[in-house]
Amino acid sequence: MQDALGGVQTVLVLGGGSEIAQATLRRLVANRTRTIVLAARRPDSLRAAADELRALGATRVEVVAFDAEATDTHEALIDDCVDRVGDLDLVLVAFGVLGDQAEAERDPAVAAEIARINYVGAVSVSVPLASRLRAQGHGIIVVLSSVAGERARRSNFVYGSSKAGLDALFQGLGDSLVGTGVRVLIVRPGFVHTKMTAGLDPAPLATTPEAVADAIVGGIERGTEIVWVPPALRVVMSVLRHAPRAVFRRLPL
Ligand SMILES: NC(=O)c1ccc[n+]([C@@H]2O[C@H](COP(=O)([O-])OP(=O)(O)OC[C@H]3O[C@@H](n4cnc5c(N)ncnc54)[C@H](OP(=O)(O)O)[C@@H]3O)[C@@H](O)[C@H]2O)c1
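Here the structure is a predicted model, which is why all the values come from computation and not from measurement.

J.: So what's going on with the nonpolar core? Residues and values would help.
T.: Leu12, Leu14, Phe66, Val93, Phe95, Ile141 and Phe170 are the most contacted members of the largest nonpolar core, which has 37 residues in total. Of all the secondary structure elements, the ones that give two or more residues to this core are strand 1 (10-14), strand 2 (35-40), helix 3 (74-85), strand 4 (90-93), helix 5 (108-136), strand 5 (139-144), helix 6 (157-176) and strand 6 (182-189). Broken down by element, the residue count for this core peaks at nine residues, all from helix 5. Residues contacting Phe66, with those up to four places away along its chain left out, are Leu14, Gly15, Ala39, Ala40, Arg41, His74, Leu77, Phe95 and Val125. Residues Ala40, Ala215, Ile216 and Val227 belong to the second largest nonpolar core, which totals 34 residues.

Here it is in structure tokens:
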């Protein structure tokens, strides 16, 4: 059982190109992480990121192809990762798309793609992932959810609903894994400055990939099940969650 950060030597990232994932890996490598598998839909784009992690002290960084939408490949992908590096101490589920809400309201293909990547892809990959970690008897699954999933807003309800599904999935999975040695850490950031949000007006309490990475590392060390980034969002969202619909829909969110 790897309870503390010092036990996290081997890490798999699903969505290896994520800026939040990259910031988290830099923190982990500064501790004891030495072996990393970056699973990404464009593996060739990760050469520089892999080199950076090696320069920081990772002894082995592998890049493999992963497409969240290719659900029929997910079981083989997890098998392949374990065959390459052995037991996985930590798996970071970091893939996702924000999508364009206005387009998603016009074009069913755009709306469905957001749901397929953020939710269906997560459901699919969680099955072989949970089986593998359950069999090895230890490990941590860290999943990047979002405050957007806490209550769907008028301005991005397609993305928000996909994150609500993802969050519920990993809450249930975490409960199902109690007693197996495997645990789940759900991370609920607000607006984070990454390529996903480039060009958008920052929301109040906007934060950075490094702050999310710190929250993840802190959550792993403390054995927490849910972290909000920044922490103040927990209070803000508990108020917003209970606001009457007629009020909530008028808020400039
Ligand atoms: N940024 C925010 O404000 C924010 C807030 C709350 C939660 N989050 C969540 O945090 C996670 C990481 O986001 P980020 O901010 O680090 O953004 P990011 O840098 O854009 O990372 C998202 C990653 O998902 C990958 N991806 C997209 N579609 C995929 C697919 N079909 N198969 C495999 N990978 C795919 C992207 O691949 P490419 O590199 O090929 O594009 C990218 O590497 C996401 O789940 C996001 O929803 C972000």
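J.: Residues and numbers for a nonpolar patch on the surface, please.
T.: A cluster of nonpolar side chains, contributed by Val247, Leu251 and Leu253, occupies part of the molecular surface with about 220 Å² of accessible area. With respect to the helices and strands, Leu253 occurs in the segment after helix 9 (245-248). Leu253 sits in the partly exposed class, given a relative accessible area of 40%.

J.: How would you explain helix 7 (residues 209-222) if you had to name every residue and give the values?
T.: With 14 residues, helix 7 should cover 20 Å at 1.5 Å per step; its first-to-last C-alpha distance of 20 Å lies within 8% of that length. Along helix 7, the positions that sit buried rather than exposed are Pro209, Val212, Ala213, Ala215, Ile216, Val217, Gly218, Gly219 and Ile220. At its buried positions, helix 7 is contacted by helix 1 (19-30), strand 4, strand 5, strand 6 and strand 7 (226-229).

J.: Please set out the environment of Leu25 residue by residue, giving values where relevant.
T.: Within the secondary structure, Leu25 is located in helix 1. Sequence separation of Leu25 and Val11 is 14 residues, and the distance between their C-alpha atoms is 8.5 Å. If sequence neighbours within four positions are ignored, Leu25 has contacts with Val11, Val13, Ile36, Leu38 and Leu53.

J.: Kindly report on unusual backbone geometry, identifying the contributing residues and their values.
T.: Cis geometry marks the peptide bond from Val229 to Pro230; its omega dihedral reads -5 degrees. Position of Pro230 relative to the elements: it lies in the loop between strand 7 and helix 8 (232-242). In this structure, Leu205 takes a positive phi of about 65 degrees despite not being glycine. Inspection of the secondary structure assignment puts Leu205 in the loop between strand 6 and helix 7.

What counts as what
- Residues numbered from 1 in each chain as written.
- Predicted model: local features only at pLDDT ≥ 70, side-chain atom pairs only at ≥ 80, totals over all residues.
- Heavy atoms only, no water.
- Core = buried A, V, L, I, M, F, W, Y, C linked by side-chain atoms within 4.5 Å.
- Buried < 20%, exposed > 50% of the residue type's maximum accessible area, 1.4 Å probe, protein only.
- Helix = DSSP H or I, 4+ residues; strand = E, 2+ residues; numbered from the N terminus.
- Contact = heavy atoms within 4.5 Å.
- Patch = residues over 30% accessible without salt bridge, like charges linked within 9 Å, V, L, I, M, F, W, Y side chains within 5 Å.
- Areas by Shrake-Rupley, 256 points an atom, 1.4 Å probe, with all protein chains shown as cover.
- Salt bridge = Lys/Arg side-chain N within 4 Å of Asp/Glu carboxyl O.
- Expected span 1.5 Å × (residues − 1).

Remember that the coordinates give geometry; whether it matters functionally is a separate question.
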